[in-house]
Each structure stands twice: as structure tokens, then as C-alpha cells.
Amino acid sequence: MGDIQMLLEMGFPKEKAEYAMKVTNYKGVEPAMEWLLAHVDEDIPGDVTGNTVGTSDANNAANTGNEPGQAETPAAETATSSSAISQAPEAKSLKCEDCGKLCKDQGELEFHAAKTGHKNFSESTEEKKPLTEEEKKRQLALIEEKLKQKRLEREEREKADAMERERNRIKSGKDMTEARKRLEELEMKKLVEQRKKEKAEEKAARERVKAQIEADKARRKLSQQPQIMSPTASQGFQSVTSTTPAEPSIKTPSKEYTQTRIQIRLQDGSTLTETFNVKEQLSAVRVFIQMKTENDEPFGLMTTFPRKVFTAEDYDKPLDILGLVPSAVLIMTKANVA
């Protein structure tokens, strides 16, 4: 709603409301209302556009009277019309025939018609009396009450808007917190699943190593069975060898070993002992150590007498080729030992 419309609702005429807004440089309703209350009995000054019609007619009549031979009939007619107009009653206000209210000007009349819906109006010789001091005070009190009511409504509206903004801020904060919480839960779930997967892979690796060791043991047992001699055959072989005289010129063949006993000294000072087939590779010893110690970190093996550090190529060689028969002591070292 505009400032002028608000002044019209307060009962001020349209011309005065517009003039008051212009005088107060359109600073708002309150300055314009104060000016209107201070100049309630004053009329709006009109624009000075020149002499009136009556003055110009009088001058023309005087000018024509100075000229010789001028007829006096038009002057008489003019005087007669002027007297008729002066005798006619002058309309001082506009009256609403529906409710009897007097309106000072057309603007006030239009506002009254728009507000009440009345349509029957006529000119009236009654003059709208100016407001008395008591009426001025009463109207001022009414205006102040309306301004106070509008101020309270504006404050309530601003308070409601502030509360709505605060609710939206709290809601957005809660939504952000819940989104962050869901993200953390998803990350935690992903970590748990990854850890389960790693444990399953570790378990599968241990099972494979364990199955390989069991297979190596079964293979060693199968390889040892054909080479075991019966007791009677061994006794007969011993009797034959005992009765046969030894010939110093013929060398006895070296004993063929099928198994070797390996002792492993671990890094913490403890020892492990196991029997291996001489044809097994050195990598089987390393797998055995990994299974017993459950150590996944890389390590190396070496002997002290004679000192020998086994390389990556040595782990693919059999134990008898490496000289670890019929028994040997291996020392577990770090991977970077030279």
C-alpha cells in the first residue's frame, strides 16, 4: 500500500495528501501526517497563471469605452450574465446522498465512493466545517493507534520471518550433521569390509602354505618307503661285509642319505628342528619357518661353519646340493643381511 493511499484511509483529502508528500520530500507517512495536522485549516496554494476572466473582461470594457462610437449593448449583456452568476448558489462541497457525508473535493469523494461503494452524490452549498481541536486530537489519536497497530504488525511479521530463518538454519544444520554421520558410517562399513577381506586372504594364504607342507610331508613318506631295507636283508649284508676282507686299494662308496635333520635358530633365540628329504628345496625350509612363526615379513637364511648366506637362486636348489646333509644348522636373519 502506498503512502498516499494510507493518508487517504486516515481521512485526508487526496490533493492535501499529495501536497503534504511533496512538501515533506516524500519522506514517509509520519512527516506528511504531521504537516497535515499542523496545516489542517489551510488551503492548498494554487498556481498563479495570470489575471482572471473577470479582470480581463473589465479591462476590455474599459478599453472599448474609450473608443468613440462604440455600442453599449455587449457591456450590458455581460453585466446581466455576471449578476445572474453571482445570484446562483455556490457549491461549497460534495454530498453523498446515501449517507449524507460531505466531501470537500473530488479526490475525497472518489475515496469515499471506493471505500463505501456509494454511488449517489450531488453538489451542496453546505461547507465542510474544519475540525475542532477535540476532533483533531481524536483523529490524531486514531491515526497514532493505526500507526501503532501497523508497527506491531510489522514487528510481528519481522519476528515470524526471523523465526522461520532460524528454523531453516537449524534444519540445514541438522541435515548437514546427518549427511556427515551417514558418510562416516559408510566409510566405517567400507573399512570393516576391507579388513574382513584382508583377513580372509591371509587365512587362505595360510591354508595354502599348510596344504603345501602337508603335501611335502606326504611326498617324503612316499619317497622313503622303497628305500627301507628289511631287517634280514640288512643282517645278511652285514655278515657278508664282515666276512669279506677289506681291500685297501678299493674305496668304500659314501653313504647315500635320504633325509637330513635341520635345526633353525630364530631371531628371538629359540630353535626349531625338523627332518626334511634331501631332495627338497631350501624354499620348503622357509615355508616351514613361516608356518611355525606366522611371520609374513621377509627374512634370510645362512650357515656359520662354513659361513654362507643363501641367495634367491639357492632357494630353488635341493638341500643335498647345498651341503645341508645329513644335518645342518641354519640361522634366520633379516632380509638385508649380506
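Treat the numbers as computed from the prediction; the structure is a model and nothing was measured.

Some thoughts on the side chain of Asp314
For Asp314, the location among the structural elements is in the loop between β7 (307-309) and β8 (327-334). Beyond its immediate stretch of four places on either side in the chain, Asp314 contacts Leu282, Lys308, Val309 and Leu322.

Describing a nonpolar patch on the surface
Together, Met188, Leu191 and Val192 line one region of the surface with nonpolar side chains, adding up to about 290 Å² of accessible area. Tracing the sequence through the fold places Val192 in helix α7 (residues 133-224). Classification of Val192 by relative accessible area gives partly exposed; the value is 40%.

A short note on the nonpolar core
With 19 residues, the main nonpolar core has Ile264, Leu282, Val285, Ile289, Leu301, Leu324 and Leu330 as its most contacted residues. Put simply, the parts of the chain that give this core at least two residues each are β4 (259-265), β5 (271-277), α9 (282-293), β6 (299-304) and β8. Looking at this core, the element that brings in the most residues is α9, giving four residues. Ignoring any residue separated from it by four or fewer positions in sequence, one finds Val285 in contact with Ile264, Phe276, Leu301, Leu319 and Leu330. Listed in part, the 17 residues of the second largest apolar core include Met6, Phe12, Val29 and Met33.

Description of the environment of Glu108
Tracing the chain through its elements places Glu108 in helix α6 (residues 106-116). The class of Glu108 is buried, set by a relative accessible area of 6%. Measuring from C-alpha to C-alpha, the distance between Glu108 and Glu15 comes to 8.5 Å, with 93 residues separating the pair along the chain.

A short note on the confidence of the model for the protein chain
A residue-level look at the protein chain finds 75% of positions with pLDDT of 70 or above and a mean pLDDT of 76. Taken as a whole, residues 47-76 scores under 50 in pLDDT and shows one contact with residues more than four places along the chain or in a different chain.

A look at the sheet that holds β5
One open sheet accounts for five strands, arranged β5-β4-β8-β6-β7; its pairing is mixed. Looking at which strands have only one partner, the edges of the open sheet turn out to be β5 and β7. With direction set aside, neighbouring strand axes in the sheet form an average angle of 30°. Here seven bridges tie β4 to β5, and the two strands are oriented antiparallel to one another.

Topic: the packing of aromatic side chains
Going through the model one piece at a time under the given rule, you end up with two aromatic pairs. With a centroid separation of 5.8 Å and 85° between ring planes, the pair formed by Phe276 and Phe288 is classed as edge-to-face. With Phe276 in strand β5 and Phe288 in helix α9, this pair connects stretches of sequence that are twelve residues apart. There is no split in this pair, since Phe276 and Phe288 are both buried.

Describing empty space enclosed by the protein
Going through the model one piece at a time under the given rule, you end up with one cavity of 30 Å³ or more. Empty space within the largest cavity amounts to approximately 60 Å³. At the level of elements, α7, β5 and α9 are the ones that each hand at least two residues to the lining of the largest cavity. Per-element accounting of the lining of the largest cavity gives the leading share, four residues, to α7. Considering only residue class, the lining of the largest cavity consists of four nonpolar, no polar and five charged.

So, the pattern of salt bridges
Taken as a whole, this structure holds ten salt bridges when the rule is applied. Here Glu198 makes a salt bridge to Arg195, at a shortest N to O gap of 3.3 Å. Of this pair, Glu198 and Arg195 both sit in helix α7, three residues apart, which is roughly one turn of the helix. For Glu198, a relative accessible area of 32% translates into the label partly exposed. When the shortest N-O distance is used, the salt bridge between Asp314 and Lys308 registers 3.9 Å. Residue class for Asp314 comes out buried when judged on its relative accessible area of 7%. Beyond isolated ion pairs, a larger network of salt bridges with shared partners links Lys308, Asp314 and Lys317.

Definitions and cut-offs
Residues numbered from 1 in each chain as written. Predicted model: local features only at pLDDT ≥ 70, side-chain atom pairs only at ≥ 80, totals over all residues. Heavy atoms only, no water. Helix = DSSP H or I, 4+ residues; strand = E, 2+ residues; numbered from the N terminus. Contact = heavy atoms within 4.5 Å. Patch = residues over 30% accessible without salt bridge, like charges linked within 9 Å, V, L, I, M, F, W, Y side chains within 5 Å. Areas by Shrake-Rupley, 256 points an atom, 1.4 Å probe, with all protein chains shown as cover. Salt bridge = Lys/Arg side-chain N within 4 Å of Asp/Glu carboxyl O. Buried < 20%, exposed > 50% of the residue type's maximum accessible area, 1.4 Å probe, protein only. Core = buried A, V, L, I, M, F, W, Y, C linked by side-chain atoms within 4.5 Å. pLDDT = per-residue confidence, 0-100. Pairing = 2+ DSSP bridges. Axes fitted to C-alpha atoms, helices over the stretch in contact; angles between N-to-C directions. Phe/Tyr/Trp six-rings, centres within 6.5 Å; stacked < 30°, edge-to-face > 60°. 1 Å grid on protein atoms, 1.4 Å probe; cavity = no way out; pocket = protein on both sides within 12 Å on 5 of 7 lines; lining within 4 Å. Points joined across faces, edges and corners; volume = space filled by probe spheres on them. Nonpolar A, V, L, I, M, F, W, Y, C, P; charged D, E, K, R; others polar.

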